[in-house]
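Secondary and tertiary structure notes
Below are the chains, spelled out letter by letter.
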Amino acid sequence: MTPLIEVRGLTMRYPIQGGFMDGVLPGRRRTLTALDGVDLDIAPGEIFSLVGESGSGKTTLGRALLRLVEPTSGEVRFRGEDVLSMGPARLRAARRDLQMVFQDPWSSLNPRLTVGQILGEVLHVHDIARGAAAKARVRELLDLVGLPPEAADRYPRHFSGGQRQRIGIARALAVDPEIIVADEPVSAVDVSVQAQIMNLLLDLRERLGLTLLMIAHDLSVVRYVSDRVAVMYLGRIVENAPAAEIFANPRHPYTRGLMAAAPRTRPNARRDSAAIIGEPPSPLSPPPGCAFNPRCGFADNGCRERPPPLEDLGGTHQVRCFKHASVGDPALASS
Amino acid sequence: MTEEHAASTLPSRRLPSLMGRGRLSALVGQRTALVAGAVMISAIVLVSVMAPVISPYDPVDQDLRNALQPPSWTHLFGTDNFGRDIFTRVIYAAQVDLRIGFLCVFFPWVLGTILGGIAGYAGGVFDTLIMRTVDTFTAFPFLVMAIGVIAILGPGVTSMYIALTLAGWSMYARIVRAEVLVAKRSEYVLAARALGFSHTRIMLRHVLPNVITPTIIFAMTDIVLVILSTTTLAFLGLGLPPPAPTWGTMIAEGKSFIFTAWWMVTLPGLAIVLVGISLSLFGDGVADWLRERE
Amino acid sequence: MALLEVRNLSADIPTRRGTLRAVEDVNFSISSGECLGIVGESGSGKSVTCKTILGLLGPSVERDGEAVFDGTDLLSLTEAELTRIRGRDIAMIVQDAVSALNPVLRVGGQIAEGMIEQGVVGSRSAAMARAVDLMRKVGIPSPEERARDYPHQFSGGMCQRVVIATALACGPRLLIADEPTTALDVTVQDQILALLRQLQRDLDLAVILVTHDMGVVAETCQRVAVMYAGQVVETATPAELFSAPRHPYSAALLDCVPDLDAAQAERLRPIEGLPPDLVDLPTGCRFHPRCPMATAECRSQKIPLIDIGGGRATRCIRHEDMAQPGPVSGTDSTTAEVGTA
């Protein structure tokens, strides 16, 4: 199947302003590499999850796909068309197909507009519906996300976090998009509400044939909804595989460590002891070689000298690790 | 209690963020502050508009036989050295002072909001240009600038407007720019961009309404400050040319008689204090009301 | 004997809309060397409970009940007496470690400050030496040099370690940790939880761990109190709670958490509806509007915390029905999963 989204070599660097003389003194200008040569394909109708710790670049990647930030280099193709070279008018039109749901249900809705105005504005700007037709469509959208029609007349502050997240989803759905980038859609809501929102996203995929790129840090959430998972570390994808495959057979030490560190609700189900030591290095001064080597139990001199390439293990499982054979070896994995 | 009253009604050039607890409205109660302030301001405006009906005297005509009369039932506030009824002059002056107070806040508010909004939203070279200009204007001592402008244009209402607008807009530009920078990073603005909204729409509908509150709060205090500034200018002889009364010119004229005819200085001063209190009450009430709506 | 015993604790917070019953009738106890998890969603009263015990809520809050710490009722103490106990016998760490540290002071000095303030060390140099020791104990590499650094030179996880060192400085017997790992990445969270477990063992420390994450509780605590709408609804050991919850809310909450290790993800069953408004609480059991098992009695009658033996308690009159696996919705999947584990 042709992918809906193709990302090739996507790179994003920011100049960093440190001390006030940094810009003046030669050689003191530093850059932060948020994304470093990211490649990925998203197939139509799939739920693709990006996983990683803070600073891994997952949010930047999600925003770069919609050009909410401008990448330094690389390509993003949506149905074969290059998103990064679109002019302003074309981009505006393309945003009917590419939508976003945000993490924070408290700050992602304009507090001065009613829910009906928030949704109605989208319909108006994109010339989808006006007047009575717009009102009807707003009711339809609210119904789609499980909110009563009366919600249209109220302000965001009258709703709970979970309900606001539903409003955010309805706003994204208003333009009838092909793909929604959902940036940590459940991490700011309570546990009992998380399940509601995840089920809603699964239902919407089913009913509307949506494609979802979900950005998340909670592996149990990712496992529950995803078809495919890519793990990011310091701006690079280190492993990318179908969800069932990656959870059953992680081949990057970082993926394994993440899974080991995730707290389990079943006591004594204590797992793989591949705990990761230390904390992620600063993206301003990444270590030479593989960026994960200082925290990795498998690292040797080779890992410290040159960065490993993204290797294809067959069956659309890719991993960026010289040691993936040992990582996947069950004899070593249980050590 | 009285000390706190005095402290919170004395206007100073403070930023709205400093106007936290312990304000006048906290003492009076919030709705009460808003209502009381509104009633007092309306009363002052009404009295000044109705001045010809209320007072039998003319504010300008001289009556030297009745010069320097102390307050009495015929002359409530006494008369000045030209025999003009001070009460009449005070209520006529309210029209001029309130109009100047309002307009000299309104113009800077509009100018500052537009420029600050552009600086914050567009960023880059616009930001640098506008904000360096703001810095220049802020660094200029207020009186020096006002004196300069009035010296060039000559005293009069128009030069007063221009002088006070030039002196006041930079504060609004600063406030608005800072607020826009925060709002610009908010997720609802990001969402609006993701939805393909135009910059004009994002600016006018999603950014501005969310940044305007602090400027309104500041403007309420600013009105009092502007009225005081006009007084200062009048005192320096740069006020509106006589004989049209303003509180500032009245105080300036009365200063030579402060030991012989205390009412000439004190009673117009009292009018300023009264306006100050009512605007403070009203401003605090409006601020609370706006904050509550958020 | 319990180090801290909380009895019938309640806290009413006056608001513009009326009295907010943030905490009502909370009972629990904790002994030295024990870790008690208080788990609940936002607004369940878990944080307010801890702040009430420490008298951190301000004078307008109406407090009632007892919190007996080592023979003294904390609720009856004056602010001056409490100040002696806070930080010295009872220490608290919070979620946002980065903002819990003063950005303009060196971290060594911040750790030493409490010791000097409480008079537990003789001199400033002794306090500094102990601060370096503590930094080593909480796993900060090269503590001698790092004690001279400022908070912004530390990562989030390292800041939380500094905060823990500060909390331990005066040798407390009870540590209250309010969502200590919520702001941290999962690999760092794992490290901090391991540190807390180790400190609790080594120092015979009593730890109250406030969290919304069932997984964190499972890995760290010996006992759990589940809170809902200001009340403790169930207390048990984590193993008991997760294998056989005896309150419908605990059961439902567990059903909401996807299982990372399950072979085939089955569809989650969210709790329908929303938690109640604490200003306008439902009559009877506070969970009844969302409870699949609610009866007429649940709607009308105030439910006490019922001792069901084996150190367990539940605030549900139908707890016996929950003990039977199978027919009752909300419990079957959890027991089934444990059966296959």
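Since the model is a prediction, treat every value here as computed from it, not as a measurement.

What follows concerns the domain arrangement of chain C. Once the domains are mapped, chain C shows domain 1 (1-32 + 39-86 + 222-341) and domain 2 (97-171). Between the C-alpha centres of domain 1 of chain C and domain 2 of chain C the distance comes to 34 Å.

Another point: the pairing of strand S7 (residues 179-183) of chain A. All names here are of chain A. Along S7, 5 of the 5 residues are buried, which leaves the element largely enclosed by surrounding structure. In S7, alternate side chains face the same way, and those of Ile 179, Val 181 and Asp 183 on one face and Ile 180 and Ala 182 on the other are all buried. With 4 bridges joining them, strand S6 (residues 98-101) and S7 adopt parallel strand pairing. Considered in S7, the bridge of Leu 98 is made with Ile 179. Of the pairings in the sheet, the one linking S7 to strand S8 (residues 211-216) comprises 5 bridges and is parallel in character. Within S8, the residue paired with Val 181 across the bridge is Leu 213. Handedness of the S7-helix H6 (residues 191-208)-S8 crossover: right-handed.

Taken residue by residue, the interface counts 37 residues in chain A and 44 residues in chain C. For the pair chain A and chain C, the two sides together bury roughly 3500 Å², of which 54% comes from carbon and sulfur. A salt bridge links Arg267(C) to Asp203(A), with the shortest nitrogen-to-oxygen separation between them at 2.9 Å. Viewed at the interface, chain C and chain A are joined by 15 residue pairs in polar contact (both at pLDDT 80 or more). Going through the elements one at a time, H6, helix H7 (219-225) and helix H9 (253-261) of chain A are the ones with two or more residues in the side of chain A that touches chain C.

By size, the foremost hydrophobic cluster in this structure holds 193 residues, and its most contacted members are Leu4(C), Leu74(C), Met115(C), Leu174(C) and Ile208(C). Taken together, domain 1 (1-32 + 39-86 + 222-341) and domain 2 (97-171) of chain C each give at least three residues to this core, which thus spans both. Filtering out sequence-adjacent residues up to four positions away, Leu4(C) remains in contact with Phe28(C), Ser29(C), Ile30(C), Ile53(C), Ala67(C), Val68(C), Phe69(C), Leu74(C), Leu174(C) and Ile208(C). Residues Val96(B), Ala146(B), Val224(B) and Leu279(B) belong to the second largest nonpolar core, which totals 43 residues.

All right, on to the environment of Ile147(B) then. Structurally, Ile147(B) can be placed in helix H7 (residues 142-153). Beyond its immediate chain neighbours, meaning those up to four positions away, Ile147(B) contacts Leu236(B) and Leu238(B).

This next bit is on the packing of aromatic side chains. Summed over all chains, the structure comprises 14 aromatic pairs over all chains. Where Tyr233(A) meets Tyr254(A), the ring centres are 4.6 Å apart and the plane angle is 55°; that geometry is what we call tilted. Here Tyr233(A), found in strand S9 (residues 228-233), pairs with Tyr254(A), found in helix H9; they are 21 residues apart in sequence, far enough to count as distant. Here the two residues Tyr233(A) and Tyr254(A) agree in accessibility, since each one is buried. What links up through ring pairs into an aromatic cluster is the set Phe102(B), Phe106(B), Phe107(B), Trp109(B) and Tyr161(B). The side chain of Arg201(B) reaches across the aromatic face of Phe197(B), ending 6.0 Å from its centre. Just above the ring of Phe154(C) sits the side chain of Arg146(C); from NZ or CZ to the centre is 4.0 Å.

A word on the pattern of salt bridges. Note on pairing: side chains with opposite charge can pair once their charged atoms come close. In this structure the tally under the stated criterion is 42 salt bridges over all chains. Asp227(A) serves as the salt-bridge partner of Arg205(A), at 2.8 Å between the closest nitrogen and oxygen. In this pair, Arg205(A) sits in helix H6 while Asp227(A) sits in the loop between H7 and S9, placing the two residues 22 residues apart along the sequence. Here the salt bridges share partners, and the residues they tie into one network are Asp80(B), Arg84(B), Arg89(B) and Glu253(B).

Quick notes on the rules
- Residues numbered from 1 in each chain as written.
- Chains lettered and ligands numbered in written order.
- Predicted model: local features only at pLDDT ≥ 70, side-chain atom pairs only at ≥ 80, totals over all residues.
- Heavy atoms only, no water.
- Domains from an automatic or database assignment.
- Buried < 20%, exposed > 50% of the residue type's maximum accessible area, 1.4 Å probe, protein only.
- Helix = DSSP H or I, 4+ residues; strand = E, 2+ residues; numbered from the N terminus.
- Pairing = 2+ DSSP bridges.
- Right-handed = clockwise from strand over helix to strand, strands pointing away.
- Contact = heavy atoms within 4.5 Å.
- Buried area = accessible area lost by both parts, 1.4 Å probe.
- Salt bridge = Lys/Arg side-chain N within 4 Å of Asp/Glu carboxyl O.
- Polar contact = N/O pair within 3.5 Å; in protein donor to acceptor, adjacent residues only side chain to side chain.
- Core = buried A, V, L, I, M, F, W, Y, C linked by side-chain atoms within 4.5 Å.
- Phe/Tyr/Trp six-rings, centres within 6.5 Å; stacked < 30°, edge-to-face > 60°.
- Lys NZ or Arg CZ within 6 Å of the ring centre and 35° of its normal.

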